[in-house]
Amino acid sequence: MALLEIQNIRKSFNDLHVLNGVNLSVNKGDVIAILGPSGSGKTTLLRCMNFLETADDGKMIFDGKTYDLAKADKKEKAEVRKKTAFVFQNYNLFANKTVLQNVTIGLTVARKISKEKAEEIGRAMLAKVGMSERENYYPSQLSGGQQQRVAIARALAVNPDIIYFDEPTSALDPELIGEVLNVMKKLAKEGMTMIVVTHEMSFARDVSTYTIFMEGGVIVEEGPSKEFFANPKEARTREFLRMENNLHGEIEKEREKV
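Every value quoted in this text rests on a predicted model; they were computed, and no experiment measured them.

Engineer: So what exactly am I meant to see when it comes to helix α6 (residues 174-189) here?
Structural biologist: Since one α-helical turn is 3.6 residues long, residues separated by three or four positions face the same way. With 16 residues, α6 should cover 22 Å at 1.5 Å per step; its first-to-last C-alpha distance of 24 Å lies within 8% of that length. Of all the residues in α6, the buried ones are Leu176, Ile177, Val180, Leu181, Val183, Met184, Leu187 and Ala188. One side of α6 carries all its buried residues, which in axial view fall inside an arc of 155°. Exposed residues on α6 whose side chains face more than 90 degrees from its buried face are Glu175 and Lys189. Against β3 (31-35), α4 (115-128), α5 (144-157), β7 (162-166), β8 (193-197) and α7 (201-206) lie the buried residues of α6. One or two positions beyond α6, positive phi appears at glycine 191, with a value near 95°.

Engineer: Is there a simple way to think about the packing of aromatic side chains in this case?
Structural biologist: Tallied over the entire structure, the rule returns 4 aromatic pairs. Aromatic pair phenylalanine 86 and phenylalanine 88: ring centres 4.6 Å apart, planes at 35°, arrangement tilted. One aromatic cluster is present, built from ring pairs that chain together Phe86, Phe88 and Tyr164. Geometry around phenylalanine 62 places lysine 83 over its ring, the cationic atom sitting 5.7 Å from the centre. Over the face of the ring belonging to tyrosine 137 we find arginine 134, whose NZ or CZ atom lies 5.0 Å from the ring centre.

Engineer: Is there a simple way to think about the sheet that holds strand β5 (residues 65-68) in this case?
Structural biologist: Hydrogen bonds between backbone atoms are what pair the strands of a sheet, whose relative direction is either parallel or antiparallel. Spatial ordering of the open sheet is given by β2-β1-β4-β5, a layout of 4 strands whose pairing is antiparallel. A strand with exactly one partner marks an edge of an open sheet, and here the two such strands are β2 (16-26) and β5. Going across the sheet, the axis of each strand differs from the next one's by a mean of 20°, ignoring polarity. As paired strands, strand β1 (residues 4-13) and strand β4 (residues 57-62) are joined by 5 bridges and run antiparallel to one another. Looking at β4, one finds that glutamate 5 is bridged to isoleucine 61. Across the sheet, helix α1 (residues 42-49) is in contact with β1, β2 and β4; its angle to β1 comes to roughly 120°. Docked against the sheet, helix α2 (residues 74-82) engages β4 and β5, running at close to 125° with respect to β5.

Engineer: Would you take a moment to explain the side chain of threonine 104 for this structure?
Structural biologist: When you line up the elements, threonine 104 lands in helix α3 (residues 99-110). For threonine 104, a relative accessible area of 8% puts it in the buried group. Setting aside residues no more than four positions away along its own chain, threonine 104 makes contact with Ala118, Glu119 and Gly122.

Engineer: Sorry if this is basic, but what is going on with the pairing of β8 here?
Structural biologist: In the case of a regular strand, side chains alternate between the two sheet surfaces. Most of β8 is tucked away: 5 of the 5 residues are buried. By the alternation rule, side chains of β8 split into Thr193, Ile195 and Val197 and Met194 and Val196, which are all buried. One ladder, built from 5 bridges, connects β7 with β8; its direction is parallel. Across the sheet, phenylalanine 165 pairs through a bridge with valine 196, a residue of β8.

Engineer: For this particular structure, what's the right way to read the side chain of threonine 44?
Structural biologist: Mapped onto the elements, threonine 44 comes out in helix α1. On the basis of relative accessible area, threonine 44 is assigned to the buried category, the value being 13%. Once you skip the residues sitting within four places of it in the chain, threonine 44 turns out to touch Lys11, Phe13, Val18 and Leu19.

Engineer: Mind showing me how you'd approach the sheet that holds β7 here?
Structural biologist: The sheet built from 6 strands is open, its strands ordered β6-β7-β8-β3-β9-β10 with mixed pairing. Where the open sheet ends on each side, the last strands, each with one partner, are β6 (84-87) and β10 (218-224). Neighbouring strand axes in the sheet, compared pairwise and without regard to direction, differ in orientation by 15° on average. Sheet topology places strand β9 (residues 210-215) next to β10; 6 bridges connect them, and they run antiparallel. Looking at the pairing, phenylalanine 213 lines up with glutamate 221 of β10.

Engineer: Help me out: how do you make sense of the pattern of salt bridges in this one?
Structural biologist: Should their charged atoms come close, side chains of opposite charge can pair. The tally for this structure, following the rule as stated, stands at 12 salt bridges. Between lysine 83 and aspartate 63 there is a salt bridge whose closest N-O contact spans 3.2 Å. Linking lysine 83 in the loop between α2 and β6 with aspartate 63 in the loop between β4 and β5, this pair joins segments that are 20 residues apart in sequence. We classify lysine 83 as partly exposed; its relative accessible area is 24%. Using a relative accessible area of 44% as the deciding quantity, one classes aspartate 63 as partly exposed. Here glutamate 179 makes a salt bridge to arginine 149, at a shortest N to O gap of 3.1 Å. Taken together, the residues glutamate 179 in helix α6 and arginine 149 in helix α5 connect sequence positions 30 residues apart. Residue classification places glutamate 179 among the partly exposed positions, given a relative accessible area of 23%.

Here is what the cut-offs are and how they apply
- Residues numbered from 1 in each chain as written.
- Predicted model: local features only at pLDDT ≥ 70, side-chain atom pairs only at ≥ 80, totals over all residues.
- Heavy atoms only, no water.
- Helix = DSSP H or I, 4+ residues; strand = E, 2+ residues; numbered from the N terminus.
- Expected span 1.5 Å × (residues − 1).
- Buried < 20%, exposed > 50% of the residue type's maximum accessible area, 1.4 Å probe, protein only.
- Arc of directions from axis to C-beta.
- Contact = heavy atoms within 4.5 Å.
- Phe/Tyr/Trp six-rings, centres within 6.5 Å; stacked < 30°, edge-to-face > 60°.
- Lys NZ or Arg CZ within 6 Å of the ring centre and 35° of its normal.
- Pairing = 2+ DSSP bridges.
- Axes fitted to C-alpha atoms, helices over the stretch in contact; angles between N-to-C directions.
- Salt bridge = Lys/Arg side-chain N within 4 Å of Asp/Glu carboxyl O.

Next comes the structure, spelled out in structure tokens:
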């Protein structure tokens, strides 16, 4: 049985139909990459799955329990969020709290874990992402890549069943992207279940187990990642991958000039 299943999720903002009946199945240990142009519905899908947005219609079966995505109550939303974590594009760290405090606040406030136990967990997670030496720093003293690694440590601290990543490298300078992707690759090897909205084609191709291409609020093509990249079946998928590869090549050329 799948760990998580989404059935016929729909979402509109006024007259703009952002999700038009999307279905998704996630097994434990899957690393799912969601690709697509801006406005394709990728981030909205992720946000609806974690109740950061309320879907207009659709069901979610998570860990054996069925949730109505349009009508879930506060208790049901809390149940889901207790089993998940979300890594945002722009880190969402508290500027007035240290690295360690940012990682532990969800444990002490939301989960009522003692400060001592929370700090023990927090330090272990900071070690996992290579940020132990920065535990007393504030976000303003860190690079973007370091801030995102702290955000990943915060996500890991709650021991989630699934981590959602919303374009975790898109706000980073090119030279900082690698340090975040390396942490995510390590998590994938350890069996962490992840759903990743990304423009990083190499991560999707080499690390993810399954890739989805979205456009216009629907899934255009999906499949095991090796097969998806080796033999895309839809013309629109092939065009998108070609454009992304060309863009990546131009970025690499610019980096070599610096």
